[in-house]
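# A structural walkthrough
For reference, the chains in residue letters:
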Amino acid sequence: MEERGKRSSAEGMESAVGGADDVSEEKVFRALLDSFPATVTDFKKLRAGVLRARIDRRDLHGACVFLRDSLGFEHISMISAVEYEGRFEVVYHVASWKHRLLLELITTTPKDDPSVDSVSSVWGGANWQEREAYDLMGIRFNNHPKLERILLPKDYLYHPLRKDFKGGD
Amino acid sequence: MLKRSPVGSGLDWLLKDFFNWATRNSIYPLHFGIMCCALEMAVASAPRFDAQRFGVIYRSTPRQCDVLLVNGPVSKKLKPDLRRLYDQMPEPKWVIAMGECAISGGPFWQSYSIVPGVNQFIPVDIYIPGCPARPEALIDGFIKLQNLIKENKKGLLTGK
Amino acid sequence: MWINMGPQHPMTHGLWNLRVKVDGETIVDAQPEVGYLHRGIEKICEGRTYTQIIPITDRLCYGSSLTWSHLYCLTAEDLMGVEVPERAEYIRVAAIEMQRIASHLMWLAAYATDLGLMLGFLHAMRDREVFIDLLQALSGSRLTYNYPRIGGVAHDIPPNFERDSLRACAYIENRLREYEDLYEGSRVFMMRNVGVGLLKKEDAINLGVTGPPLRACGVNYDLRKEMPYSVYPEIDFQPAVHPAGDCYARYRVRMDEMYESCKIIRQAIQKMPKGKWRVVAPRNAPVGTGMGRVEDPRGEGMMYIVGDGTDKPYRMKVRSPIFVTVSAAPRMLIGYKVADVVAIMGGLDMCIGETDR
Amino acid sequence: MNLFDFCYGIIHWLVDLINNIWYWLGDFLPWWFGDFFTAVGDFAASHGHIAVMAILLEVIIIIAIALINVLNFIWLDRKFMGRMFDFYGPYYVGYKIGGWLQNLADGIKLFVKEIITPAKADKVGFLLGPVIYVGSSFLALATIPLGRQFYVGTNTDLASTGVGASALIAFAFFAIAPFSILIAGWSSNNKYTLIGGMRSAAQMMSYEIPMLLTVASVFLLAGSFGFMDIVAAQHDIWFGIPLFIGLVTFIVCLAAEVEIQPFDLPEAEAELVEGWTTEYCGMRFGLFMMTGYLRGYIGGALATALFLGGWHGPAFLPDPIWFLIKAYTVFVLIEWARWSLPRVRVDQILDIGWKRLLPLAILNLMIAVAVKSMGWF
Amino acid sequence: MTWELFVFLFLAASGLISALLVVRAREIVHSVIALATCFIAVACMFVMLSAEFVAIVQILVYVGAVVVVILFGIMLTRRGIMESEKR
Amino acid sequence: MADKKRLPKSEGLIIRPMLRSGTQFVRSFIKGKPNTILYPYHILDLPPTYRGKHTLDFKRCIGCGNCVQICPNDCMWMEKLEDPELGKIERPGVDMGRCLFCGFCVEVCPTAALHHTVEFELADYQREDLRYGPRELRDDTYADGIVEERQKRRLPVLDMSKCTSCEKCTGECPETCIVMMPIEKVGRSRPEIDLAKCTGCEKCAIVCPEKALEMKDVYELYFEMPEPKFLLSNCTGCGACSRACPADAIYMMEMPGTEKVLKDGKKGKPKKRAVFILEKCVGCGKCFRACKFAAIEMPGVKK
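This write-up is about the structure you can find in this document. (Residues numbered from 1 in each chain as written. Chains lettered and ligands numbered in written order. Predicted model: local features only at pLDDT ≥ 70, side-chain atom pairs only at ≥ 80, totals over all residues. Heavy atoms only, no water.)

### Some words on the overall build of chain C
From N to C terminus, chain C includes 15 helices and eight strands. Taking 21 Å as the expected radius of gyration for a compact globule of 357 residues, we find that chain C reaches 20 Å, a close match to that expectation. In terms of principal-axis extent, the alpha carbons of chain C reach across some 60 × 45 × 35 Å. For chain C, with 357 residues in total, the buried portion stands at 80%. If the 43 positive side-chain charges of chain C are averaged to one point and the 44 negative ones to another, these points end up 2 Å apart. (Helix = DSSP H or I, 4+ residues; strand = E, 2+ residues; numbered from the N terminus. Rg over C-alpha atoms; globule rule 2.2 N^0.38 Å. Buried < 20%, exposed > 50% of the residue type's maximum accessible area, 1.4 Å probe, protein only. Lys, Arg positive; Asp, Glu negative; His and termini not counted. Charge placed at Lys NZ, Arg CZ, Asp CG, Glu CD.)

Pasting the structure below:
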């Protein structure tokens, strides 16, 4: 109850803003490559603080655990699924508050079997976003606790964000 | 029950204008917010515009309402619920479609999950354009609804 | 006993359904259910040109529509590589902060009705009108402004805008003190809020909660400071943080943010340079991706656009802060009373427009 | 002049009139008509019949007073609220009298509305709920006097000072409401109404105890259960002054009993849609709403009669006006707190009732005992 | 045959019938309503016996409190009412 | 300012909020008039930029249909009508039941003929009554009375039918923003003006011997409109695009070398080919729609 009277201010608060051990872009790059040499490709710096990497879908879960535990990427911002010709890409935007980094992690899945491993056990915030990706784009997430439609009615037949969807019923 | 009895008819014959006056001066819309216009609906009851001057009070349950104020796009998931709300309201009842989304689907009229216009499954009495409709426009709509009730010349035997 | 709260329910402030399992009056389980307002904005945007999307992103969130069109313009500028004139950036910052105050006042009003305080609702709505008037003079509409453009803003600021906005800041700061009297001065309000809806810091981070609910858990994380966009690096302000993690902390964080927003508006008005407020944006976007993140009044808003060389986006994805925050709601609800549902869910500041898209 | 005198005069005047007519017509009609009219006249002018007439007249007067008060109350509430909220409130309906007709329009409209009984509702309970609620509240109103002459006495004795235990009767009928609310809430077959009814009953039950304890202190000081005696005992000093704690406790309990704002959990609009009135529509809901305000008036009247000296006041205004002014003031006070406070939670409301108000009520009772034993009253 | 007798007979009959209904009613809440009616009939009889105070206390305590407590007991124990009919 | 915040105290139980609301009550009572605007009798002053119902100046409108094109919601349409003054014209109508009031149509109008008024009382009883045709929107005086936010620029506008390719304007321009561009296969050239550099000095217009360059007020446009791409090989010289163009930006020029050889060996009249003056083009796409031979390409415009 002491805190009730305490004035809210930024002082005395543990700041999430980076300290001395800044992990630069190269360090993330090196660490990722060292741990997953076969599957991480196409590493690129988009602009200051924003990185991009592609990863094979087999190693996605392991890489995410590694990112969270060793590199301090504790926040998943967004999961978006994009349909290209012949493949789906699932884009994970993972943020590290400590190091002020945003990593765009892209994984590819073929059209006939659109499935990737769920990361909702790694980041709880991924749970609904994966459900949404399943709902609208039809990508199945393995080991997801409750993979159901979330935005559309339960008995809806289509995945409306696919390019071949024209209007539905 | 009161309608069919001779007492009711007599009362109606005597006090028709009085009942009509009461009905049109006490409009209770349903407190049901869907999208942007819901905010303007709230503003209409706020001090700046004060819809209470006309006897407009928002009630939360459909049983005590006269006006169903549809103020946003009706998705296919919502459509049965909205229809049920309409059915739950006692006669006499009116429907106001506020804003473009309720009138025609608005910016989402081509969307796969939106019903383009609430008049496809509920009879609508007043259309208020605007995206979102201003609170004044809503009050204007209420005044036009009052005129509609007045022109209908219905007393006790109200309803459509 | 399962209780359905919604879709038509005064607590929901929009269209969603909260299924609550209660034992007596205590909540043992909760399932939020969204999607009643799903409009398929992402699909609609694939059929519109880049310019035409701006009014549709306005409709994403009715509480703070300017933030979302601004976010869209940021993303499109990132994709197209458009440089925005500096005056436009300052106008945008001032407008966004006004929108933030208006949005927080709307939250305050909704929160007050949730707690049964009609006076708070009406006074907050009354004072919100001041900012709505400013934004209306700026953009020409009350709620869906359609003001930012790719490469600037639609109009220059109207005459007397500086004077009016400074006055409005002074006015709202006085009013905020009155609100503090009205809310925190009352024992009943404190009883309803302190210690209700506790969310642990680790849970908040893991569940992806952002914005005021996160800062109310003691995490000093504000995108305006962390990944500064626009001209925020040149503006001096302090993100509002409170350590407690309960409803009162969320309330306090939002109130402090309003004070901070007043500061930002003043600085933006003072530092605003003369010059152009708009450049002509290209019609077609290059092949590639654009990404933008802003600090929405409700949390971290994010957009991702894939361009394919035509004048329409190939794919557009919106991250809505409340969509993620609501998924954390059961964690906050379980163990409290039914009456606390309104305080907890009201404290999250739900906006269904962006949640369902 | 009390009501019995009034009825007596009217009936006698009527009988005389008819007799005169009969005497004038008597020449043209057969004799047994005369006998018939004499018998009717005797019956009509009999003591018992006039008493029944007086009672009926009282009922009409009570209902009229109640309805006018309710209309006034709702109007006052809305206008006061409006000024507090910085807007007008009802304005155009009855523009010249400040929007007073708005409530009348609301009532008539609710009368016109269709009445729906939900298909799965319990028909008997659904009908009985409003009946008991409205009936008991009107009965509670019956014994409350408005002035030295303006009271309801059910006996024919002209010198009587009203019903003996009138205050107790008022509280007895005031206490029936939770029963009807529970019935109404249960029979609507809706979870919100059920929870609302349960909350309402729990709250009323637990607030009845401190309320009756404070009232007991008043009975102790006045030495009577009747309103007339209690008010008469306050001629020198209002009970609200020595029993200030009791007054405050009483008003807080009243707010809980009539379910207004800080304690309006059963109708908590934000969580339970409209509380236990959710499924009611048309005039049944109108009666509920009206009776809610009526109970507000009863509360104000009770507080006035018990603590604020009833109709005692400077003589330039008649007694009933003083009484109404005080009752309205109490009501406005409660309304003031209502619009500026949020709602408390259901466990907190019981906490306040049992842990705060009950000790205060007992303390108040002890003060009353002390005052009484000092011999000041 | 005075009017008191009629009133007494009426009260006694209503008391008896409602007491019977308490036992016979199918819906338990109906039997509680009948119980309240019974109590009120008894209270009225007290009034007829010029025991006004007892009558008032009868209403205050039995109808106002005991019946409500019984109703509470029923509603809190019988979960079936609340569990049934999931919307 | 934020430093002076009061500490959250709750010792006052309920006194402080009640005092606060009581103050408001007294303030409202002393002032005598609450915050309310008595709406149907007193109407709030709206800013002139407010976006309400549209109004259309028939005389300014050139019927280009840009508003229809940019409308994000397809709520506008072009209606053909006969006006006693203006003859056969095409003017836009607005479906108020679907309009977003976003203001793009006003912003894109090249002649500032379309405007938003501050009128918002549009409520009606029938859905059909919400479709406002051009006649209902017509107000020929409104546009003159308002101050346009967009800047007008004085620019030299070329009248190709008068131009003789004398190249005088090129030498005169102090900013060197006029370049003579040869017209494909015609053998002539025409001055092309770089509008970004032009200062509106009028020197070229003065020096032009045929008065082909005329100074005109043109509104600045912030949208990048689609530009027509002309494929000469497909052009048959039918002139449909020239007739369709609302801005007179397409001229039909005789192209040497396309003459039909007649029986007697003489050459007939040379065929005409379209010449685009892109400075005048408003990007409406009418030429694209009018062309039946796929000689014009306009990416991003619906056929």
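### Description of the packing of aromatic side chains
Under the defined criterion, the tally for this structure stands at 34 aromatic pairs over all chains. The interplanar angle of 35° and the centroid separation of 5.9 Å between the aromatic rings of Tyr 248 of chain C and Tyr 251 of chain C together place this pair among those described as tilted. With a gap of three residues between them, Tyr 248 of chain C and Tyr 251 of chain C both fall in helix H11 (residues 247-271), about one helical turn apart. Residues Tyr 248 of chain C and Tyr 251 of chain C agree in their burial class; the two are buried. With centroids separated by 6.0 Å and ring planes inclined at 65°, the aromatic side chains of Phe 85 of chain D and Phe 87 of chain D adopt a geometry described as edge-to-face. You can call Phe 85 of chain D buried: its relative accessible area is 1%. For the cation-ring pair, Lys 77 of chain B lies above Tyr 36 of chain C, with the distance from its terminal atom to the ring centre recorded as 5.1 Å. Across the ring face of Phe 108 of chain B, the terminal group of Arg 39 of chain C is positioned such that the distance to the ring centre comes to 5.1 Å. (Phe/Tyr/Trp six-rings, centres within 6.5 Å; stacked < 30°, edge-to-face > 60°. Lys NZ or Arg CZ within 6 Å of the ring centre and 35° of its normal.)

### Brief notes about the interface of chain E and chain D
Taken together, the contact between chain E and chain D spans 25 residues of the former and 26 residues of the latter. Across the chain E/chain D interface, buried area totals approximately 2,300 Å², and carbon plus sulfur atoms make up 84% of it. The interface formed by chain E and chain D includes zero residue pairs in polar contact (both at pLDDT 80 or more). Looking at the side of chain E that touches chain D, the elements with two or more residues in it are helix H2 (28-48), helix H3 (52-77) and helix H4 (79-83) of chain E. With 14 residues, the single largest contributor to the side of chain E that touches chain D is H3 of chain E. Considered class by class, the residues forming the side of chain E that touches chain D number 19 nonpolar, two polar and four charged. (Contact = heavy atoms within 4.5 Å. Buried area = accessible area lost by both parts, 1.4 Å probe. Polar contact = N/O pair within 3.5 Å; in protein donor to acceptor, adjacent residues only side chain to side chain. Nonpolar A, V, L, I, M, F, W, Y, C, P; charged D, E, K, R; others polar.)

Everything listed here is a matter of coordinates, which is why it stays silent on function.
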